[in-house]
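Residues per chain, in single letters:
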Amino acid sequence: MCRHLAYLGPAVSPAELLIEPPYGLYRQSWAPRLQRHGTVNVDGFGLGWYVEGDPQPVRYRRAVPIWADENLTDLARAIRSTALLAAVRSATPGTSADESAAAPYRGEGWLFSHNGALGGWPSAAAPLAELLTPGELLELAARCDSALIWALLRRRLAAGEEVGCALAATVTEVAAHTEARLNLLVTDGHLIAATTWGDTLFHRLELGHSVLVASEPGDDGPGWIPVPDRSVLLATPDAVTIRPLDPSAAP
Ligand code: GLN
């Protein structure tokens, strides 16, 4: 399982968001405090962020542990963005080890991260792959369970489905086919949307200012609110809404 985080608000640097918090995503790479599956997240990492005037987010992804990238600490001080998504990876066995499988995945202006795994990968996931067209399979971003989930979600987003409905429907679709843990996280630079399905998630809203959504709190300060398991969350700096993810209600 990975740890992931998304932020919307006044421009900040990845250093402020990921590295400086005492229990931030950087440290969660080797010492997560609340992770339910796996112990460390050293199979790669990635950041994605939005640049003003460009709907296509920028990514920086590596297949090494986040602390093993000598250049990241400098880079993280130089970037500033109002919208950022980042993840540290603990690879599902049998998936690609290269940076193609490091979140965030990207498409249709969205950034995507998956904290979780498809049980019995890859054989048990074969029925899910059959839901994809040959073209979608050929374009799979990586040989990875998360890439398969992203392809299923992405087609819904590309079709214009509302993101909360698209996330709920994707979780339902995947869970109907195979045992899975499905904490999904996306942003388009204006809205953060996430699911909880098997692991922890928190949000911290500074109303009218900023919002953080993260697998676990980056500090012991106030304001971190746990998100119940099996929920869909929608967040902007102006509001956070959480509703139960009811598999029987989704299409
Ligand atoms: N299953 C994914 C991967 O292998 C997600 C990471 C995780 O939560 N372990 O990259």
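None of the values given here were measured: they were computed from a predicted structure.

A. Summary view of the sheet that holds strand β2 (residues 45–51). Read from one edge to the other, the open sheet built from seven strands follows the order β3-β2-β4-β1-β10-β9-β11, with strand pairing classed as antiparallel. Edge positions in the open sheet fall to β3 (54–62) and β11 (225–226), since each of these has one partner strand only. With four bridges connecting them, strand β1 (residues 3–12) and strand β10 (residues 210–214) associate as antiparallel partners. Bridge pairing links A6 to V213 in β10.

B. Up close: empty space enclosed by the protein. Scanning the model with the defined rule gives two cavities of 30 Å³ or more in all. Approximately 120 Å³ is the volume attributed to the largest cavity. Looking at the largest cavity, it is lined by 18 residues, and the ones nearest its centre are C2, R89, A101, H114 and S146. For the lining of the largest cavity, the elements supplying multiple residues, two or more each, are β2, β4 (81–88), β6 (110–118) and α6 (145–158).

C. View of the packing of aromatic side chains. Overall, the coordinates contain four aromatic pairs when judged by the stated rule. Relative to W30, the ring of Y26 lies with its centre 5.9 Å away and its plane at 80°, an arrangement referred to as edge-to-face. Ring centres of Y105 and F112 lie 6.2 Å apart, and the angle between their planes is 55°; this geometry places the pair in the tilted category. Considered together, Y105 and F112 belong to a single accessibility category, that of buried residues. Grouped by ring-pair contacts, the aromatic residues Y105, F112 and W150 constitute a single cluster.

Reading guide: rules and limits
Residues numbered from 1 in each chain as written. Predicted model: local features only at pLDDT ≥ 70, side-chain atom pairs only at ≥ 80, totals over all residues. Heavy atoms only, no water. Pairing = 2+ DSSP bridges. Helix = DSSP H or I, 4+ residues; strand = E, 2+ residues; numbered from the N terminus. 1 Å grid on protein atoms, 1.4 Å probe; cavity = no way out; pocket = protein on both sides within 12 Å on 5 of 7 lines; lining within 4 Å. Points joined across faces, edges and corners; volume = space filled by probe spheres on them. Phe/Tyr/Trp six-rings, centres within 6.5 Å; stacked < 30°, edge-to-face > 60°. Buried < 20%, exposed > 50% of the residue type's maximum accessible area, 1.4 Å probe, protein only.

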